[in-house]
2 protein chains.
Amino acid sequence: MVDQPLWEHIGSSFVSHYYHMFDNDRSQLGSIYIDASCLTWEGQQFQGKRAIVEKLTVSLSVYLLLCSKVTHNSQVSDCSSMRSSCIFGQQVAPQKQGFSENSDYSLPFTKIAHSITAQDHQPTPDCCILSMVVGQLKADDDPIMGFHQSFILKNINDAWVCTNDMFRLAIHNFG
Amino acid sequence: MVDQPLWEHIGSSFVSHYYHMFDNDRSQLGSIYIDASCLTWEGQQFQGKRAIVEKLTVSLSVYLLLCSKVTHNSQVSDCSSMRSSCIFGQQVAPQKQGFSENSDYSLPFTKIAHSITAQDHQPTPDCCILSMVVGQLKADDDPIMGFHQSFILKNINDAWVCTNDMFRLAIHNFG
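Please read these numbers as outputs of a predicted model, since none were measured by experiment. (Residues numbered from 1 in each chain as written. Chains lettered and ligands numbered in written order. Predicted model: local features only at pLDDT ≥ 70, side-chain atom pairs only at ≥ 80, totals over all residues. Heavy atoms only, no water.)

A. Empty space enclosed by the protein, seen in detail. Under the defined criterion, the tally for this structure stands at 2 cavities of 30 Å³ or more. Volume-wise, the largest cavity comes out at about 50 Å³. Forming the boundary of the largest cavity are Thr124, Asp126, Cys128 and Ile152 of chain A together with Thr124, Pro125, Asp126, Cys128 and Ile152 of chain B. Split by residue class, the lining of the largest cavity holds 5 nonpolar, 2 polar and 2 charged. (1 Å grid on protein atoms, 1.4 Å probe; cavity = no way out; pocket = protein on both sides within 12 Å on 5 of 7 lines; lining within 4 Å. Points joined across faces, edges and corners; volume = space filled by probe spheres on them. Nonpolar A, V, L, I, M, F, W, Y, C, P; charged D, E, K, R; others polar.)

B. How the structure looks around the sheet that holds strand 1 (residues 33-41) of chain A. Residues and elements named next belong to chain A. Spatial ordering of the open sheet is given by 2-1-6-5-4-3, a layout of 6 strands whose pairing is mixed. The open sheet has two free edges, formed respectively by strand 2 (44-47) and strand 3 (112-123), since each of these has just one partner strand. On average, each strand axis in the sheet is inclined to that of its neighbour by 20°, with strand direction left out of account. Where strand 1 meets strand 2, 4 bridges bridge the pair, whose relative direction is antiparallel. From the neighbouring strand, Leu39 faces strand 2, where its bridge partner is Phe46. In the packing of helix 1 (residues 6-24) onto the sheet, the strands contacted are strand 1, strand 3, strand 4 (129-139), strand 5 (145-156) and strand 6 (159-169), and the crossing angle to strand 3 comes to about 160°. (Pairing = 2+ DSSP bridges. Helix = DSSP H or I, 4+ residues; strand = E, 2+ residues; numbered from the N terminus. Axes fitted to C-alpha atoms, helices over the stretch in contact; angles between N-to-C directions. Contact = heavy atoms within 4.5 Å.)

C. Representation of the interface of chain A and chain B within the structure. With 47 residues of chain A in contact, the opposing surface of chain B contributes 46 residues. Summed over both sides, the interface of chain A with chain B buries roughly 3,700 Å², with 62% coming from carbon and sulfur. When residues of chain A are sorted by the area they lose upon contact with chain B, Gln122, Met166 and His172 of chain A head the list and together hold 17% of the total. Joining chain A to chain B, the criterion identifies 4 salt bridges. Note that Lys154 of chain A and Asp126 of chain B form a salt bridge whose closest N and O atoms lie 3.2 Å from each other. (Buried area = accessible area lost by both parts, 1.4 Å probe. Salt bridge = Lys/Arg side-chain N within 4 Å of Asp/Glu carboxyl O.)

D. Representation of unusual backbone geometry within the structure. Although it is not a glycine, Asp158 of chain A adopts a positive phi angle of roughly 65°. Tracing the chain through its elements places Asp158 of chain A in the loop between strand 5 and strand 6. Look at Asp140 of chain B: it is not a glycine, yet its phi comes out positive at around 50°. Relative to the elements of secondary structure, Asp140 of chain B occurs in the loop between strand 4 (129-139) and strand 5 (145-156). Taking the relative accessible area as the measure of exposure, Asp140 of chain B reaches 21% and is therefore partly exposed. (Buried < 20%, exposed > 50% of the residue type's maximum accessible area, 1.4 Å probe, protein only.)

E. Region of the structure containing the relation of the copies chain A and chain B. With an RMSD of 0.0 Å, the operation that places chain A on chain B is a rotation of 180° combined with a shift of 0.0 Å along the axis. The transformation just described matches what one would write down for a two-fold rotation axis. Taken together, the interface assignments show that 96% of the residues at the interface of chain A recur at the interface of chain B, consistent with an identical surface on both copies. (Least-squares fit on C-alpha atoms with pLDDT ≥ 70 in both.)

F. Expanded view of the sheet that holds strand 3 (residues 112-123) of chain B. Residue and element names in this part refer to chain B. Reading across the sheet, the 6 strands line up as 2-1-6-5-4-3 and stay open at both edges, with mixed pairing between neighbours. If you trace the sheet from one side to the other, it starts and ends with strand 2 (44-47) and strand 3, each paired once. The sheet shows a mean angle of 20° between the axes of neighbouring strands, direction not considered. Bridging between strand 1 (residues 33-41) and strand 6 (residues 159-169) involves 5 bridges; their strand directions are parallel. Pairing of Cys38 across the sheet is with Asn164, part of strand 6. In the packing of helix 1 (residues 6-24) onto the sheet, the strands contacted are strand 1, strand 3, strand 4, strand 5 and strand 6, and the crossing angle to strand 3 comes to about 160°.

G. Molecular detail of helix 1 of chain B. With 19 residues, helix 1 of chain B extends 27 Å from end C-alpha to end C-alpha; this agrees with the ideal 27 Å at 1.5 Å per step. If you check which residues of helix 1 of chain B are buried, you get Trp7, Glu8, Ile10, Gly11, Phe14, Val15, Tyr18, Tyr19, Met21 and Phe22 of chain B. (Expected span 1.5 Å × (residues − 1).)

H. Region of the structure containing the side chain of Asn164 of chain B. On the secondary structure map, Asn164 of chain B appears in strand 6. Relative accessible area serves as the criterion here: at 0%, Asn164 of chain B is assigned to the buried category. Looking at Asn164 of chain B, its side chain comes within polar contact range of the side chain of Gln122 of chain A, at 2.8 Å. Of the polar contacts made by the side chain of Asn164 of chain B, one reaches the backbone oxygen of Pro123 of chain A; its length is 2.8 Å. (Polar contact = N/O pair within 3.5 Å; in protein donor to acceptor, adjacent residues only side chain to side chain.)

Spelled out as structure tokens, the structure:
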């Protein structure tokens, strides 16, 4: 038996749970977030369980469909001008993008699958866990895309929740 | 003037400072770490200012040289068996790899340059800052490689230090 550190065990269990839910029923992802949780998704910031789940269930589907059309020679758009503030203790509404406030979960693809290339976990000075995932995802028959995601996990009332979540597709302006 | 949140300002300043030092004089990187800092570098864990700087200055140079020979069709090696423990309050010695305890800073390449594709920053519940960077690096005339890096920054005695650092090259087993 390998003596696996506690944070490795908790981190890898979380990662497995997260992507399993993501690939099978994203509407259940709210169970891992709290109202103080922040998601930065391709440069856009959201706070709170509801705003995050809404983003992950509706907007992400549309975005990935669009990204699958992007070649690696294309310039990644600068989303900074669309960012909203993300302050603890302040509920920030999802951004106005036509679909981000829509709770209709009908998706433009029928399935999505994540494949994890590597994952790392570390304890933080404040007894949280930092997890970083590098992997690939595939939506329906669209091209495989690399992605990068980081989480901070915190134990609150004997349960581990995700307080911070950052996601980026690995799309560079090669050349 | 855009009203930039404090964590965005601190995080982006850190990222700029970090990669400037990295590309120009890595031996100065010790100034941003403390003895409790953890680095997970391609799955290998190091703790403490000295072990981290030693890894970044000597081992990284050799590793990047080797990685530049790796094609995207190659399987990424599993470094898990080489990992050392990374526990706060316990100094972990750098791993024995022939060169990791060597303080000779002569490098197998003359220059390295990072290009940042995207960076994100968030406040954490414990008043730290989580920063995530997606970018590309180039060592001498070797092929450009994508990379992912995550940091946690903490304010200690009115100075921001890096307590957690994770680095991965974006090498997937496509296919």
